[in-house]
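Results of the structural survey
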Amino acid sequence: MSLEVGKKALKFLAKNSGNRRNLEVDFFGGEPLMNFQLVKDLVSYGREIEKKYNKKFRFTITTNGVLLDEDKMDFINENMDNVVLSLDGRKEINDNMRKTISGEGSYDIILPKFKRMVEKRGDKDYYIRGTFTSKNIDFSKDALDFYNNGFKKISIEPVVTSEEMDYALREEHLKDILEEYEKFSRDYIDIKKKDKDFYFFHYMIDLDQGPCIIKRSIGCGAGSEYVAVTPEGELYPCHQFVGEKEFLIGNLDDGIINTELRDKFKNSNVFTKEECRECWARFYCSGGCHANAFYAHHDISKPYKLGCELEKKRIECSISILANLNE
């Protein structure tokens, strides 16, 4: 992405966000550290235009860590409200999926950098983010590996890919995945009783307040509250739709052109999705991921069934954890 396009993106967000003052910008990829000068320039530009538009930018960044060095760590820690550190899992899992150009695994290269990053970050927010596939349904081992390496804020996300891929999650894996969430919830309780600073993203739940009912019904807001900007300045509902031309909703020069598609996303919620209306979990999952629904059914209004079952189990585990920790 060029600086010109990046500036247009920030200005577009500032001018089209109505009376919402707090705005979030995530530097995502690809790998944003490959274009780090742009990141630095856009943070500076965002700070310049905040007063003009009466906005406050909250910057975040997601990185695989390959290009992390002390200077980049210092800039990120000073300017980013959150940082997501992407590592697939424990050594054998990560190195099977993420190899260097020489064909060797990247775990031993990346892990020390992430440790240093978190050490320097202090009490600022971060997550180390793993991925589980059919190759590591025992993902609790990955979470525990992260924890044993000193990381306290952990997320392990299910892979989203075509069922044709050998590492895809399928219906046949569901029973084992649900059992793994159950098993890890017990491990989590044991650790949490000794270390209150340990957090697993999918076991965090707020039963007292949390988002309002409107936000709970629409979830991430892809396509209406949230857009992805490509290096060419094209606008998509979220990064997972980039390249799917039927989901191109506009560009930074002309704005939102496909208003019909935008409205379709805006009106896709737990009240309009037939499978969600009577589901007990609807106000915690918010109808699930639009991209998952599309890639599973070619229809954003039809939830991704496997994802629904995983989310319900995560909510059950989260409530169980709260009950056990509040005894």
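A short tour of the structure in this document, coming up.

Conventions used here
- Position numbers for residues count from 1 along each chain, tracking the sequence in the order it is written.
- Thresholds applied to this predicted model are a pLDDT of at least 70 for local features of residues and 80 or more for the giving and counting of side-chain atom pairs; totals over whole chains, interfaces and linings are not thresholded and use all residues.
- Working from all heavy atoms in the structure, the side-chain values ignore hydrogens and water.
- In this description, strands pair whenever DSSP reports at least two bridges between them.
- Runs of H or I in DSSP of at least four residues are treated as helices and runs of E of at least two as strands, each being numbered from the N terminus.
- Residues are treated as being in contact if the distance between any of their heavy atoms lies within 4.5 Å.
- Between the N-to-C directions of two axes lies an angle of 0 to 180 degrees, each axis being a line fitted to C-alpha atoms and, for a helix, fitted only over the stretch in contact.
- In this analysis the probe radius is 1.4 Å and the grid spacing 1 Å, with only protein atoms considered; a cavity is a set of points the probe fits into but cannot get out of, a pocket is an open set with protein on both sides within 12 Å along at least five of seven lines, and lining residues have an atom within 4 Å of a point.
- Grid points are joined across faces, edges and corners, and a volume is the space filled by probe spheres set on the points.
- Only Asp, Glu, Lys and Arg are considered charged, only Ala, Val, Leu, Ile, Met, Phe, Trp, Tyr, Cys and Pro nonpolar, and every remaining residue, Gly among them, polar.
- When describing relative orientation, an angle under 35 degrees is termed roughly parallel and one over 145 degrees roughly antiparallel, while 65 to 115 degrees is termed roughly perpendicular and anything else oblique.

With that out of the way, let us pick up the sheet that holds strand 3 (residues 82–86). Reading across from one edge, 1-2-3-4-5-6 is the order of the 6 strands in this open sheet, with parallel pairing throughout. Strands at the two margins of the open sheet, each flanked by one partner only, are strand 1 (22–27) and strand 6 (199–200). Pairing geometry for strand 5 (residues 153–158) and strand 6, over 2 bridges, is parallel. Across the sheet, the residue bridging to Ile-154 is Phe-200, located in strand 6. Across the sheet, helix 6 (residues 140–148) touches strand 4 (127–132), strand 5 and strand 6, and the angle it forms with strand 5 is around 160 degrees.

By the definition in use, this model includes 1 cavity of 30 Å³ or more. Ile-93, Asn-96, Met-97, Thr-133, Lys-135 and Asn-136 are the residues that line the largest cavity.

This paragraph deals with the layout of surface pockets. Where empty space is left can be seen by rolling a probe of water-molecule size over the atoms. When its volume is computed, the second largest pocket comes out at roughly 330 Å³. Lining the second largest pocket are 16 residues, and of these Thr-161, Glu-163, Tyr-295, Ala-296 and Tyr-304 sit closest to its centre. Those elements that place two or more of their residues in the lining of the second largest pocket are helix 11 (290–297) and helix 12 (305–325). Ranked by residues supplied to the lining of the second largest pocket, first place goes to helix 11 with 4 residues. When the residues that make up the lining of the second largest pocket are grouped by side-chain class, the tally is 8 nonpolar, 4 polar and 4 charged.

Let's shift gears to the packing of helix 6 against helix 7 (residues 174–194). In the contact formed by helix 6 and helix 7, the axes pass within 10 Å of each other and the chain directions differ by 25 degrees. Relative to helix 7, the element helix 6 is oriented roughly parallel. Counted together, Ser-140, Lys-141, Ala-143, Leu-144 and Tyr-147 of helix 6 and Glu-180, Lys-183, Phe-184, Asp-187 and Ile-191 of helix 7 form the full contact between these two elements. The class makeup of the residues in the contact of helix 6 with helix 7 is 5 nonpolar, 1 polar and 4 charged.

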